[in-house]
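Structural description and commentary
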Amino acid sequence: MGENLEIGSRAPDFEAETYGAEKVRLSDFYSKGTVALYFYPRDNTPGCTKEACSLRDAEEELVSLGVQVLGVSTDGVKSHENFRNKLSLNFPLLSDKSREIVDLYGVESKFGSARRVTFLIEKGGRIAHIWNKVKTSSHAGEVTEKVRELGL
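Reference entry: report on the structure contained in this document. Computed from a predicted model, the values in this text were never measured in an experiment. (Residues numbered from 1 in each chain as written. Predicted model: local features only at pLDDT ≥ 70, side-chain atom pairs only at ≥ 80, totals over all residues. Heavy atoms only, no water.)

**What about the pattern of salt bridges?**
- Using the criterion set out here, one finds eight salt bridges in the structure.
- The salt bridge involving Arg148 is made with Glu61; its shortest N-O contact spans 2.7 Å. Of the two residues, Arg148 sits in helix H6 (residues 139-150) while Glu61 sits in helix H3 (residues 59-64), which places them 87 residues apart along the sequence.
- Between Lys78 and Glu81 there is a salt bridge whose closest N-O contact spans 3.9 Å. Of the two residues, Lys78 and Glu81 both sit in helix H4 (residues 77-87), three residues apart, roughly one turn of that helix.
- Classification of Lys78 by relative accessible area gives exposed; the value is 57%.
- Via salt bridges that share partners, Asp13, Glu15 and Arg25 belong to a single interconnected network. (Salt bridge = Lys/Arg side-chain N within 4 Å of Asp/Glu carboxyl O. Helix = DSSP H or I, 4+ residues; strand = E, 2+ residues; numbered from the N terminus. Buried < 20%, exposed > 50% of the residue type's maximum accessible area, 1.4 Å probe, protein only.)

Below you can see the structure in the form of structure tokens.
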């Protein structure tokens, strides 16, 4: 299913675990506004750290545009908690150890982790844009520019 996702497709809904064993649903976020659902390979790696910090540092601008950020990797909740605390991240990281979400979105890497891909999901659940190539240190700028361009 994931390989067929394209702009205009409905974003597959899912439930995932985040910090403190809390479960969240994607639809709970896109029912309220735009979501930047970003997949990344591993916590605490150079590219993933740059990307997370880019999104963290743009919180004020993203919030002003109504964008909620959700990160997904195949790392466990404890790893996500450590990564969040180390970098003072201000958005949820979702654990996909089973790789169900990675499979649903068609973003599995040849190493079994997630590829670096971001889906911009508009309020209501339609995919508005997909980044298959992400500039890790300036990804937040890519997101905010596209949200403005699309008028989301």
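**Some details on helix H2 (residues 46-57)**
- With 12 residues, H2 ought to run about 16 Å at 1.5 Å a step, and its terminal C-alpha atoms sit 16 Å apart, in line with that.
- When H2 is considered as a whole, its buried residues turn out to be Gly47, Cys48, Glu51, Ala52, Cys53, Ser54 and Leu55.
- Where H2 is buried, its residues touch strand S3 (34-39), H3, strand S4 (67-73), H4, strand S6 (117-121) and H6. (Expected span 1.5 Å × (residues − 1). Contact = heavy atoms within 4.5 Å.)

**A look at the pairing of strand S7 (residues 127-131)**
- Counting buried residues along S7, five of its five residues qualify, which places the element largely inside the surrounding structure.
- One ladder, built from four bridges, connects S6 with S7; its direction is antiparallel. Bridging from a neighbouring strand, Thr118 pairs with Trp131 of S7.
- The loop that links S6 with its antiparallel partner S7 comprises five residues; one of these, Gly124, has a positive phi angle of about 105°. (Pairing = 2+ DSSP bridges.)

**Some thoughts on H4**
- Within the sequence span of H4, burial applies to Val77, His80, Glu81, Phe83 and Leu87. Across the axial projection of H4, the buried residues extend over an arc of 165°, all falling on one side. In H4, the exposed positions angled more than 90 degrees off the buried face are occupied by Lys78 and Lys86.
- In this structure, the buried side of H4 is in contact with strand S1 (15-17), H2, S4 and strand S5 (93-95).
- Trailing H4 by a residue or two, Ser88 shows a phi angle of about 55°, which is positive. (Arc of directions from axis to C-beta.)

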